[in-house]
Amino acid sequence: MENHRTEITNDIAQSIRNFLNGNNYSKIAVICDENTEAHCLPKILDALPEHYLLRIDSGEENKHLGTCEQLWMALTEAGFDRKALVINLGGGVIGDMGGFVASTYKRGMDFLNIPTTLLAQVDASVGGKLGVDFNGYKNHIGLFAEPQTVLIDPSFYSTLPERELYSGFAEVIKHGLIYDHAYWDKIKSVDVISAKWSELVARSIEIKKEVVLADPFESGKRKILNFGHTLGHAVESYFLDKGEDRLLHGEAIAVGMICEAYLSYKFTGLTTDELEETVTYLIKIYHPVAIDKSLFDEIVGLTLQDKKNEGGRVQFSLLNAIGKCQVNIPIYAPDMLDSLFYFNKLVGSN
Ligand code: NAD
């Protein structure tokens, strides 16, 4: 897989002009949602030549084939050919779905990603994973394909709801924990609201790129990116249809990282001090609340469904130390339950 170009910029309009000057596209479509149309499009409008604006409704609930069909239809009706360009302006939902639409339309056309959330900039922007949810299964239909370029401008966060910013920050924290102790130390000193993001985003992207390049199709090392995500995804899935109580991705991953740090202490050599340091910080940032213990079996059941579960065990990615992660550690249901009890005890209930 080719490694695409990522540019971190503080002048997004100029970066777009530079990109377009070096290319000659037959037509351009910009995919956005109502939020990125209102808050992000004005920042790039000057740099865009004549284009089609394809607006979809925001939210994970719209990341499905029905929305793709609408987009494919709009491209077809506007007479787009393979020499045209799609610009994805939005968070991870638009990046994943817009990229999928572009790379399957007429067997693939170029797309330019302009991620506008912290999560999309530090995580979804690297690795070439594209796709949509299907029949309740997350990211079930999709492919690997790379955008021509990813243009990253942290100034987009100024309009991002605070909760979304913190949600993306969970992936930044994960990058320090799995890969770079010095980065973790730096992260701990950051004030999320007033952070100077360019440097942090650059280091996070660098880490994700290094990991992905070493294992583009997720057969080994790339699984270190799953730290916090096995139990985290199960918690996220459980709360997905819980309306107001729904957890954002990063909030669920923070719970997952606490549980999986505990499993790392139990099985892969994370020391007591490192466990303490990790969970104290995650609690300070996310203030997670206890999970009703009557839900534990269901949450553990979701991990067993989600991954290869030969003999009732799930392969976890766990920390050997802060900054070092090991993949394919088999964990059985009773230990997962134990980690959830640990989580509840820590946050003060049950
Ligand atoms: P999102 O795309 O739903 O965006 C979150 C919300 O913020 C939306 O309501 C959006 O309209 C709004 N928004 C976006 N930018 C804004 C801005 N600058 N100002 C104001 N509002 C803005 O969610 P997300 O957290 O960015 O991404 C989550 C998605 O990313 C999930 O579907 C997940 O599966 C996917 N993802 C993919 C990868 C990958 O490797 N491809 C990695 C991680 C996550």
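Located above this text is the structure these notes cover.
All of these numbers come straight from a predicted model, not from anything done at the bench. (Residues numbered from 1 in each chain as written. Predicted model: local features only at pLDDT ≥ 70, side-chain atom pairs only at ≥ 80, totals over all residues. Heavy atoms only, no water.)

Peer 1: Where do I start with the overall build of the protein in this structure?
Peer 2: A tally of regular secondary structure across the protein gives 14 helices and 10 strands. Computed over its C-alpha atoms, the radius of gyration of the protein comes to 20 Å, within 12% of the 20 Å expected for a compact globule of 350 residues. With respect to the three principal axes, the spread of C-alpha positions in the protein is 60 × 40 × 40 Å. Across the 350 residues that make up the protein, the buried fraction comes to 53%. Of the contacts made within the protein by residues no fewer than 6 positions apart, 74% connect residues no fewer than 24 positions apart. Of the roughly 15,500 Å² of accessible surface on the protein, a fraction of 49% belongs to carbon and sulfur atoms. Put simply, the protein has 33 plus and 48 minus side-chain charges, and the middle of one group is 5 Å from the middle of the other. (Helix = DSSP H or I, 4+ residues; strand = E, 2+ residues; numbered from the N terminus. Rg over C-alpha atoms; globule rule 2.2 N^0.38 Å. Buried < 20%, exposed > 50% of the residue type's maximum accessible area, 1.4 Å probe, protein only. Contact = heavy atoms within 4.5 Å. Areas by Shrake-Rupley, 256 points an atom, 1.4 Å probe, with all protein chains shown as cover. Lys, Arg positive; Asp, Glu negative; His and termini not counted. Charge placed at Lys NZ, Arg CZ, Asp CG, Glu CD.)

Peer 1: Explain the sheet that holds strand 2 (residues 28-33) here, please?
Peer 2: Two orientations exist for strands paired in a sheet by backbone hydrogen bonds: parallel and antiparallel. Strand order in this open sheet of 6 strands is 1-8-5-4-2-3, and the pairing throughout is parallel. The outermost strands of the open sheet, each flanked by one partner alone, are strand 1 (5-8) and strand 3 (52-56). Looking at each pair of strands side by side, their axes are set apart by 20° on average, direction ignored. Strand direction decides the pairing type here: strand 4 (residues 85-90) and strand 5 (residues 110-115), joined by 6 bridges, are parallel. Within the sheet, the bridge partner assigned to Leu85 lies in strand 5 and is Asp110. On top of the sheet, helix 4 (residues 65-77) reaches strand 2, strand 3 and strand 4; it is set at about 165° to strand 3, its chief contact. (Pairing = 2+ DSSP bridges. Axes fitted to C-alpha atoms, helices over the stretch in contact; angles between N-to-C directions.)

Peer 1: What is the right way to look at the site of the ligand in this model?
Peer 2: For the ligand, the set of nearby residues contains 25 residues, the closest of which are Asp33, Glu60, Thr116, Thr117 and Thr159. Interatomic distance of 2.8 Å between a backbone N/O atom of Gly92 and an oxygen atom of the ligand. One nitrogen or oxygen atom from the side chain of Thr116 is found 2.7 Å from a nitrogen atom belonging to the ligand. If the ligand stood free it would expose 870 Å²; the protein chains cover 89% of that surface. Only helix 2 (34-39), helix 5 (92-104), helix 6 (118-124) and strand 7 (137-144) provide two or more residues apiece to the shell around the ligand. (Near = heavy atom within 4 Å. Polar contact = N/O pair within 3.5 Å; in protein donor to acceptor, adjacent residues only side chain to side chain.)

Peer 1: What am I meant to see in the pattern of salt bridges here?
Peer 2: Two side chains carrying opposite charge are able to pair once their charged atoms lie near each other. A full pass over the atoms with the stated rule returns 15 salt bridges. Linking Glu199 and Lys186 is a salt bridge whose minimum nitrogen-to-oxygen distance equals 2.3 Å. With Glu199 in helix 9 (residues 197-214) and Lys186 in helix 8 (residues 181-188), the pair connects residues that are 13 residues apart, well separated along the chain. Exposure remark for Glu199: the relative accessible area of 54% places this residue in the exposed category. Here the residues in one salt-bridge network are Glu60, Lys63, Asp96 and Lys138, joined through shared partners. (Salt bridge = Lys/Arg side-chain N within 4 Å of Asp/Glu carboxyl O.)

Peer 1: What's the story with the environment of Val255 in this structure? I'm lost.
Peer 2: Following the sequence through the fold, Val255 ends up in helix 11 (residues 249-267). Residues Val255 and Val235 lie 20 residues apart in sequence; the distance between their C-alpha atoms is 7.9 Å. Dropping the residues within four chain positions of it, Val255 is found in contact with Val235, Pro288, Ile291 and Phe343.

Peer 1: Before we go on, may I ask you to explain the side chain of Thr117 in this structure?
Peer 2: Take Thr117: it is sitting in the loop between strand 5 and helix 6. By relative accessible area, Thr117 is classed as buried at 15%. Excluding residues that lie within four positions of it along the chain, Thr117 makes contacts with Gly91, Gly92, Tyr157 and Leu160.

In short, geometric facts, not functional conclusions.
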